[in-house]
Amino acid sequence: GTGSIALSVAGVPRDATRREVSHIFRSCAGYLATVATGVEPPFIVKFGSMASAAAAISRLKDYRFDEDDAHSPILRLTFSQAR
């Protein structure tokens, strides 16, 4: 079927919460949900369309999880097979 488009979210601190990750994506068009996986990658983010998922990837390309920490990881978003 035509389900949602899922992105794997890596490059987040080990102690990141689903709420913190959701906050990053909430303002992106087409954002539907954040799911904690319990494995690597730790989160899957769901979008309503391929276009909105692609727009989020490009918008958050160099997003640093903690902008005040120069050693904070950079968010890595990739298309996921998860549904």
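Chemist: Looking at this model, I keep getting lost on the nonpolar core. Mind explaining?
Modeler: The tendency in soluble globular proteins is for nonpolar side chains to be buried side by side. In terms of nonpolar packing, the biggest core is built from 19 residues, with V9, V12, V21, F25, F47 and L75 touching the most fellow members. Counting only elements with at least two residues in this core, the list comes to β1 (5-10), α1 (18-25), β3 (43-47) and α2 (50-59). Not counting residues within four places of it along the chain, the set of residues in contact with V9 comprises F25, P41, P42, F43, V45, L75, R76 and L77.

Chemist: Is there a simple way to think about unusual backbone geometry in this case?
Modeler: Excluding glycine, most residues fall at negative phi; most peptide bonds, likewise, are trans. Following E40, the chain continues into P41 via a peptide bond in cis, with omega recorded as -10°. For P41, the position within the fold is in the loop between β2 (31-36) and β3.

Chemist: Would you explain α2 in this entry?
Modeler: An α-helix turns once every 3.6 residues. As a result, residues three or four positions apart point the same way. Residues S52, A53 and A56 constitute the buried set of α2. The buried residues of α2 occupy an angular sector of 100° when the element is viewed end-on, so they sit on one face. Away from its buried face, by an angle of more than 90 degrees, α2 presents the exposed residues A51 and S58. Considering only its buried residues, α2 is in contact with β1, β3 and β4 (76-79).

Chemist: When you look at the pattern of salt bridges in this model, what are you seeing that I'm missing?
Modeler: Pairing is possible between side chains of opposite charge, provided their charged atoms come close. Under the definition given, this model contains one salt bridge. Taking the shortest distance from any N to any O, the salt bridge between D62 and K61 comes out at 3.6 Å. There is no split in this pair, since D62 and K61 are both exposed.

Chemist: I keep staring at the pairing of β3 and nothing clicks. Help me out?
Modeler: Successive residues of a regular strand alternate their side chains across the two faces of the sheet. Burial analysis of β3 places five of its five residues in the buried class, which makes it a mostly covered element. Side-chain alternation along β3 places F43, V45 and F47 on one buried face and I44 and K46 on a second face that is also buried. With five bridges joining them, β1 and β3 adopt antiparallel strand pairing. When the bridges of β3 are listed, I5 appears paired with F47. Where β2 folds back onto β3 in an antiparallel hairpin, the turn is made up of six residues, including G38, whose phi is positive at roughly 80°.

What counts as what
Residues numbered from 1 in each chain as written. Predicted model: local features only at pLDDT ≥ 70, side-chain atom pairs only at ≥ 80, totals over all residues. Heavy atoms only, no water. Core = buried A, V, L, I, M, F, W, Y, C linked by side-chain atoms within 4.5 Å. Buried < 20%, exposed > 50% of the residue type's maximum accessible area, 1.4 Å probe, protein only. Helix = DSSP H or I, 4+ residues; strand = E, 2+ residues; numbered from the N terminus. Contact = heavy atoms within 4.5 Å. Arc of directions from axis to C-beta. Salt bridge = Lys/Arg side-chain N within 4 Å of Asp/Glu carboxyl O. Pairing = 2+ DSSP bridges.

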